[in-house]
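Listed here are the chains, written in short residue letters.
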Amino acid sequence: MAEQTHVLFVEDDDVIREATQLALERDGFAVTAMPDGLAGLDAFRADRPDIALLDVMLPGLDGVSLCRRIRDESTVPVIMLSARADSIDVVLGLEAGADDYVTKPFDGAVLVARIRAVLRRFGHANGSGSGASADSDDSDAAMSVLQFGDLEIDTEGMEVRKGGVTVGLTPTEMRLLLEFSSAPGTVLSRDKLLERVWDYGWGGDTRVVDVHVQRLRTKIGQDRIETVRGFGYKLKA
């Protein structure tokens, strides 16, 4: 039997916490549910879950601060839960390192779909499912390293170096960079990036893209990804 995916769910509303935990467990997830941010941080450190679901408004330690603490220690995927789609808390959560967000009230099937989409991105960014064979020749290995100025992207080893120094990216940031590097100089629209990186088969909030692009720029260089107003973004070749 395959090992269960372990979800850390931090939510202070008892009804939402218990109902969501039951729904996730019915879908095959192992769930650790905590009622406040400090308890959530302790559970994260003790259990090292596969993914974290964090409500924005939490007692003790709010969800945004909790996300920052988690991101300081791990690249584990994080989804923020927000009561308002237009809330500044959404952007703050993404800037803190969250990979995605879901607006409350949410449909259980939608939440499960978003969790699985994030986990697929995580697996891709860590190199799972790679078709490279153990006896690949040196030329194949060389071609797996893309060079853009002082930026090197190892698409097989899933490593990024800037000026020879390793750059730490979250799985979503890595997936985003891989999309840009697969078509350098080509403008990719926000909707296309939502579809390819976030696995959205429907219209999504483009703030997710904008915040992640800005986070990526701070790590690989502000001028490496160019904004093409009215169209999207492109990686400078």
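Calculation rules
- Residues numbered from 1 in each chain as written.
- Predicted model: local features only at pLDDT ≥ 70, side-chain atom pairs only at ≥ 80, totals over all residues.
- Heavy atoms only, no water.
- Pairing = 2+ DSSP bridges.
- Helix = DSSP H or I, 4+ residues; strand = E, 2+ residues; numbered from the N terminus.
- Axes fitted to C-alpha atoms, helices over the stretch in contact; angles between N-to-C directions.
- Contact = heavy atoms within 4.5 Å.

Caption draft 1: A look at the pairing of strand β10 (residues 225-228). Here β10 pairs with strand β11 (residues 232-235) via four bridges, running antiparallel. By the bridge assignment for β11, Thr-227 is matched with Tyr-233. In textbook terms, the turn of a hairpin is the stretch between consecutive antiparallel strands, and for β10 and β11 this stretch comprises three residues, one of which, Gly-230, has a positive phi near 85°.

Caption draft 2: Layout of the pairing of strand β6 (residues 145-148). For β6 and strand β7 (residues 151-154), the ladder comprises four bridges, and the chain directions are antiparallel. What sits directly across from Gln-147, in β7, is Glu-152. In sequence, β6 turns back onto β7 through a hairpin of two residues, with Gly-149 there showing a positive phi of about 65°.

Caption draft 3: Region of interest: unusual backbone geometry. Note the cis peptide between Lys-104 and Pro-105, where omega equals -5°. With respect to the element layout, Pro-105 can be found in the loop between β5 (100-103) and α5 (108-125). Although it is not a glycine, Arg-48 adopts a positive phi angle of roughly 50°. Within the secondary structure, Arg-48 sits in the loop between α2 (37-47) and β3 (51-55). With a phi angle near 55°, Met-158 is a residue other than glycine that sits in the positive phi range. Tracing the backbone shows Met-158 in the loop between β7 and β8 (159-162).

Caption draft 4: Focus on the sheet that holds strand β2 (residues 30-34). If you walk across this open sheet you meet the five strands as β2-β1-β3-β4-β5, and the pairing is parallel. The two strands at the open ends of the sheet, each matched to only one other strand, are β2 and β5. Going across the sheet, the axis of each strand differs from the next one's by a mean of 20°, ignoring polarity. As judged from the four bridges shared by strand β4 (residues 78-82) and β5, these two strands associate in the parallel manner. Directly across from Leu-81, in β5, lies its bridge partner Val-102. Contacts between helix α1 (residues 14-26) and the sheet are confined to β1 (6-10), β2 and β3, with β2 contributing the most and set at about 170° to the helix.

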